[in-house]
Amino acid sequence: MSVQQRPRPEPDRDSAPWWEAVRRHELLVQRCAGCGTRRFPARSVCNRCRSREWDWVPSAGTGRVYSWIVNHQVFMPALADEVPLPVLMVRLDDGDDIYMYGNLIGENEIVPDLPVEAVFTDVDDDFTLVQWRPRS
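The structure contained in this document is the topic of the report that follows.

The rules we used
- Residues numbered from 1 in each chain as written.
- Predicted model: local features only at pLDDT ≥ 70, side-chain atom pairs only at ≥ 80, totals over all residues.
- Heavy atoms only, no water.
- Helix = DSSP H or I, 4+ residues; strand = E, 2+ residues; numbered from the N terminus.
- Buried < 20%, exposed > 50% of the residue type's maximum accessible area, 1.4 Å probe, protein only.
- Polar contact = N/O pair within 3.5 Å; in protein donor to acceptor, adjacent residues only side chain to side chain.
- Contact = heavy atoms within 4.5 Å.
- Lys, Arg positive; Asp, Glu negative; His and termini not counted.
- Salt bridge = Lys/Arg side-chain N within 4 Å of Asp/Glu carboxyl O.
- 1 Å grid on protein atoms, 1.4 Å probe; cavity = no way out; pocket = protein on both sides within 12 Å on 5 of 7 lines; lining within 4 Å.
- Points joined across faces, edges and corners; volume = space filled by probe spheres on them.
- Nonpolar A, V, L, I, M, F, W, Y, C, P; charged D, E, K, R; others polar.

**Some details on the side chain of Asn-103**
Within the secondary structure, Asn-103 is located in strand S6 (residues 99-103). Residue class for Asn-103 comes out buried when judged on its relative accessible area of 17%. Polar contacts involving the side chain of Asn-103 include one to the side chain of Gln-131, which spans 2.8 Å. Beyond its immediate stretch of four places on either side in the chain, Asn-103 contacts Leu-85, Pro-86, Val-87, Gln-131 and Trp-132.

Put into structure tokens, the structure is as follows:
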């Protein structure tokens, strides 16, 4: 099955601006207007100061592998041709407690603390994925 037929996320009130930015090949995180704390994933209330005001700011798009799994089981037929599928949990360089998920591009060995950078993969005219590749 082609990547165009894979399941797609359903953007909601909080995540829609992020998906729109990803489509433009921009990686953003929320920044609390009350205390300046950066956060991801998007949410309506700041965990630190409880403010309900925020804006979106650019992320460096870099981080380090914090954890990962390699999925060997075909749970979704649409992803069968991608198994084994490594899924990374990346700690962004934008803050100690900001994490994003995504798969690793290429045949690379995954090790703890591997430096990675975000790359954008246009699936079609309406959908773009954030994936990760090792930094040189």
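**Concerning the side chain of Arg-39**
Examined against the element boundaries, Arg-39 turns out to sit in strand S2 (residues 38-39). Buried charge without a salt bridge: Arg-39, with Asp-14 as the nearest opposite-charge side chain at an N-O distance of 7.4 Å. Within the local environment of Arg-39, its side chain forms a polar contact with the side chain of Gln-30, the two groups lying 2.7 Å apart. In this structure the side chain of Arg-39 is engaged in a polar contact, spanning 2.9 Å, whose partner is the backbone oxygen of Arg-43. Not counting residues within four places of it along the chain, the set of residues in contact with Arg-39 comprises Val-29, Gln-30, Cys-32, Ser-44, Val-45, Cys-46, Trp-54 and Ile-98.

**A few points about the layout of surface pockets**
Here the largest pocket is characterised by a volume of approximately 570 Å³. Around the largest pocket, the lining is made up of 22 residues, and of these Pro-9, Trp-19, Tyr-101, Gly-102 and Leu-129 lie nearest the centre. Elements supplying a minimum of two residues to the lining of the largest pocket: helix H1 (16-23), strand S5 (85-92), S6 and strand S8 (127-134). Looking at the lining of the largest pocket residue by residue, the class counts come to 16 nonpolar, four polar and two charged. The computed volume of the second largest pocket comes to approximately 220 Å³. Every residue lining the second largest pocket is counted, 13 residues in all, and those nearest its centre are Pro-84, Pro-86, Leu-104, Gly-106 and Glu-107. Considered class by class, the residues forming the lining of the second largest pocket number seven nonpolar, four polar and two charged.

As far as function goes, none of this settles anything; it's purely spatial.
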